[in-house]
Amino acid sequence: MAKQLHVELVAVEEKVWTGEAEMVVARTTEGELGVLPGHAPLLGQLAEPSQVRIKQAGGEQLAYDVAGGFLSVTGEGVTVLAESASPATPAR
């Protein structure tokens, strides 16, 4: 089994999603960032508006529209702290 990231997506009011993932992609004020297991620690400010995409094992991908907040990468995993987060509407 490939290495996994522990991911938590938290909004002001609630924990939106938590689980294991192969990759997390988010747009920060410095540009789009992809995080894989073993990524160097960092703290980034999320761009507004932004979207966080979580790629799970098996290829399923979750997407959330987020407003404000930060992305934190540590040896423990990835935490996204957002002012608000909601499931993204699928592209047509």
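As shown above, the structure is provided for reference.
Remember, predicted model here, so these are calculated numbers, not experimental data. (Residues numbered from 1 in each chain as written. Predicted model: local features only at pLDDT ≥ 70, side-chain atom pairs only at ≥ 80, totals over all residues. Heavy atoms only, no water.)

**So, the overall build of the protein chain**
Looking only at helices and strands, the protein chain has zero helices and eight strands in total. Here the C-alpha radius of gyration of the protein chain, 12 Å, is about what a compact globule of 92 residues would show, namely 12 Å. Based on the C-alpha atoms only, the size of the protein chain along its principal axes is roughly 35 × 30 × 25 Å. Taken over 92 residues, the protein chain has a buried fraction of 35%. Long-range pairs, those at least 24 residues apart, make up 44% of the contacts in the protein chain with a sequence separation of at least 6. Between the mean site of the 6 positive side-chain charges and the mean site of the 12 negative ones, the protein chain shows a separation of 7 Å. (Helix = DSSP H or I, 4+ residues; strand = E, 2+ residues; numbered from the N terminus. Rg over C-alpha atoms; globule rule 2.2 N^0.38 Å. Buried < 20%, exposed > 50% of the residue type's maximum accessible area, 1.4 Å probe, protein only. Contact = heavy atoms within 4.5 Å. Lys, Arg positive; Asp, Glu negative; His and termini not counted. Charge placed at Lys NZ, Arg CZ, Asp CG, Glu CD.)

**Regarding the pairing of strand E7 (residues 61-74)**
The side chains of a regular strand alternate, first on one face of the sheet and then on the other. As defined by bridge partners, strand E5 (residues 42-45) adjoins E7 across four bridges and the pair is classed as antiparallel. Bridged to Leu43 within E7 is Ser72. Here strand E6 (residues 50-55) pairs with E7 via six bridges, running antiparallel. Bridged to Arg53 within E7 is Ala63. Joining the antiparallel neighbours E6 and E7 is a turn of five residues, in which Gly58 adopts a positive phi near 90°. (Pairing = 2+ DSSP bridges.)

**Quick word on the side chain of Ser50**
Positionally, Ser50 belongs in strand E6. The exposure class of Ser50 is buried, given its relative accessible area of 5%. Of the polar contacts made by the side chain of Ser50, one reaches the backbone oxygen of Arg27; its length is 3.1 Å. When residues no more than four places from it in sequence are discounted, the contact partners of Ser50 are Arg27, Tyr64, Asp65 and Val66. (Polar contact = N/O pair within 3.5 Å; in protein donor to acceptor, adjacent residues only side chain to side chain.)

**Side note on the side chain of Thr28**
Position of Thr28 relative to the elements: it lies in strand E3 (residues 23-28). Judged by relative accessible area, Thr28 falls into the buried class, the value being 9%. A distance of 2.9 Å separates a polar side-chain atom of Thr28 from the backbone oxygen of Gly31. When neighbours within four sequence positions are excluded, Thr28 is seen to be in contact with Leu33, Gln45, Leu46 and Ala47.

**Brief notes about the pattern of salt bridges**
When the charged atoms of two side chains with opposite charge come close together, those side chains can pair. By the definition in use, this model includes three salt bridges. Between Lys15 and Glu8 there is a salt bridge, and its shortest N-O distance comes to 3.8 Å. The class for Lys15 is partly exposed, based on a relative accessible area of 49%. Note that Glu22 and Lys55 form a salt bridge whose closest N and O atoms lie 4.0 Å from each other. In this pair, Glu22 is assigned in the loop between strand E2 (15-21) and E3 and Lys55 in strand E6, connecting sequence segments 33 residues apart. You can call Glu22 partly exposed: its relative accessible area is 24%. (Salt bridge = Lys/Arg side-chain N within 4 Å of Asp/Glu carboxyl O.)

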